[in-house]
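Analysis of the macromolecular model
Chain by chain, the residues:
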Amino acid sequence: MPPLLRAHHEDTLPPQEVVNVFQRAFGKELYGSLEEVQSLVQKVKTDLYNRDYTAAFDDDTKRVAYCCRWSPARAVAYSSLFAQLQEVNQIVRWSAGDQRILCVGGGAGGELVALGSLFTPDRHTRIKSNNDMDEADRHILNVHLVDIFDWNNVVGRLTAQIEESWLYNGQSQYFNIQFTPNDVLKMDQNQLQLSRLNLITLLFTTNELFSEDKTGSIRFLQALSTYCQPGCHLLITESAGSYSHITVGSKKFPIQFLIDTILLGKRGGKRGEETHGRWALVNKTDSTWYRGDPDVDYPMKLENMRFFFRLYKKL
Ligand SMILES: C[S@@+](CC[C@H](N)C(=O)[O-])C[C@H]1O[C@@H](n2cnc3c(N)ncnc32)[C@H](O)[C@@H]1O
């Protein structure tokens, strides 16, 4: 995996079309009251800096402002990342039958729009091949977004826009979106349908989970190990660098070390033996850049992104 993602991966819709979904869904705010959005963004920024997530996301206008400011850049970066990772690309575009994706912390819509931009370009071939196939083999993508805050308004407006812009001609029956406002650490394996999932994403969310409840977060990752089916993939991204360091006892270390230990097992036990985990590491980087095309037109800043990622596969 190169340290620089492509600005546009050819399997996805172009970045401008990805960003346009946000412009259309939030046209009222972006073109009617941009100053108000900017001032809400400042408030959200301060709250996030103080890691006061409740204050940042406790009201709908702030959630819309957050989405307008940060999700378009995330969506173009994630489109490129999802397309570049062969296993994710396959699940989203072609794998036979019902494919189920759980996006933890996905309320702000970045993952949703990115999945849409990778799923929809093949609509003509897919509709044709789905029509020729037995019902059980039809490629249907079911996306379940779970978030502790109530992003219903944001998800609803983005979903409506994806349907209008990208899912015409009978394609919407193959792309199902469900949003559940709930604390993922308090949900059980049945609510999350863990045993039926093909892909779980934890994008820029693991740090928040660990800062809320370390023990609960470890228990959540262990539940993924217990209940996910073999072949299920898990994709984690977080900021590269010291922002993603975590303190356990008196030690501070990168959060990916802890995640690797939980999922992959410890290397070198008491007598040098290995304790094996339940996942295999398929792909990773400790620092990847997404630098967007500067010609993409959007009324707010589109950030470049630097992050690490891990892609695991359940054994
Ligand atoms: C930094 S944002 C990342 C948003 C999105 N995944 C992205 O990459 O653009 C973290 C998200 O995780 C959600 N979150 C935090 N704690 C959560 C929990 N316990 N259960 C579910 N979602 C949670 C927040 O509400 C927020 O939407």
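Residues numbered from 1 in each chain as written. Predicted model: local features only at pLDDT ≥ 70, side-chain atom pairs only at ≥ 80, totals over all residues. Heavy atoms only, no water.

The chain goes by ZYBA0S15-00672g1_1 in an unreviewed UniProt entry, where it is assigned to Zygosaccharomyces bailii.

Taken together, 18 residues form the shell around the ligand, and within it Arg-74, Tyr-78, Glu-111, Asp-147 and Glu-212 come nearest. Glu-111 is positioned with one of its side-chain polar atoms (N or O) 2.6 Å from a nitrogen atom of the ligand. Take Val-184: an N or O atom from its main chain is 3.0 Å from a nitrogen atom of the ligand. Relative to its free-state accessible area of 600 Å², the ligand is covered by the protein chains to the extent of 97%. (Near = heavy atom within 4 Å. Polar contact = N/O pair within 3.5 Å; in protein donor to acceptor, adjacent residues only side chain to side chain. Areas by Shrake-Rupley, 256 points an atom, 1.4 Å probe, with all protein chains shown as cover.)

Right, let's talk about the environment of His-9 for a bit. Residue placement: His-9 occurs in the loop between strand E1 (4-5) and helix H1 (15-25). On the basis of relative accessibility, which here comes to 6%, the residue His-9 falls in the buried class. Separated by 16 residues in sequence, His-9 and Ala-25 place their C-alpha atoms 24 Å apart. Discounting chain neighbours no more than four positions away, the residues touching His-9 are Ser-80, Ala-83, Gln-84 and Asn-89. (Helix = DSSP H or I, 4+ residues; strand = E, 2+ residues; numbered from the N terminus. Buried < 20%, exposed > 50% of the residue type's maximum accessible area, 1.4 Å probe, protein only. Contact = heavy atoms within 4.5 Å.)

This part covers the nonpolar core. Counting 70 residues, the largest nonpolar core has Phe-26, Phe-82, Val-113, Trp-151, Leu-158 and Leu-235 as its most contacted members. Not counting chain neighbours up to four residues away, the residues in contact with Phe-26 comprise Val-64, Cys-67, Cys-68, Val-154, Arg-157 and Leu-158. Core analysis: the next-biggest nonpolar cluster, separate from the first, contains 29 residues, Leu-209, Leu-234, Ile-262 and Tyr-312 among them. (Core = buried A, V, L, I, M, F, W, Y, C linked by side-chain atoms within 4.5 Å.)

This structure, assessed with the given rule, holds seven aromatic pairs. Ring centres of Phe-57 and Phe-149 lie 5.5 Å apart, and the angle between their planes is 50°; on these two criteria the pair is classed as tilted. Separated by 92 residues along the polypeptide, Phe-57 in helix H4 (residues 53-57) and Phe-149 in the loop between strand E3 (140-147) and helix H9 (152-166) bring together distant segments of the chain. A residue is classified by how much of its surface remains accessible, and Phe-57, at 6% relative accessible area, is buried. Seen in terms of ring centroids, Tyr-78 and Phe-82 are 6.0 Å apart; in terms of plane orientation they differ by 15°. Their pairing is stacked. (Phe/Tyr/Trp six-rings, centres within 6.5 Å; stacked < 30°, edge-to-face > 60°.)

Another point: the pairing of strand E2 (residues 98-104). The buried fraction of E2 amounts to six of the seven residues, a majority that puts the element mostly inside the structure. Where E2 and E3 come together, seven bridges link them in parallel fashion. Counted as the bridge partner of Leu-102 is His-144 from E3. When E2 meets strand E5 (residues 199-203), the two strands line up parallel, connected through four bridges. Note on E5: the bridge partner recorded for Ile-101 is Leu-199. (Pairing = 2+ DSSP bridges.)

This part is about the sheet that holds E3. The strands that make up a sheet pair up through hydrogen bonds in the backbone, lying either parallel or antiparallel. Strand order in the open sheet formed by eight strands is E1-E9-E10-E6-E5-E2-E3-E4, and the pairing between neighbours is mixed. Two strands close off the open sheet at either side, each with one partner strand: E1 and strand E4 (175-181). The pairing of strand E9 (residues 279-290) with strand E10 (residues 305-314) spans nine bridges and is antiparallel. Paired with Asn-283 across the two strands is Leu-311, which belongs to E10.

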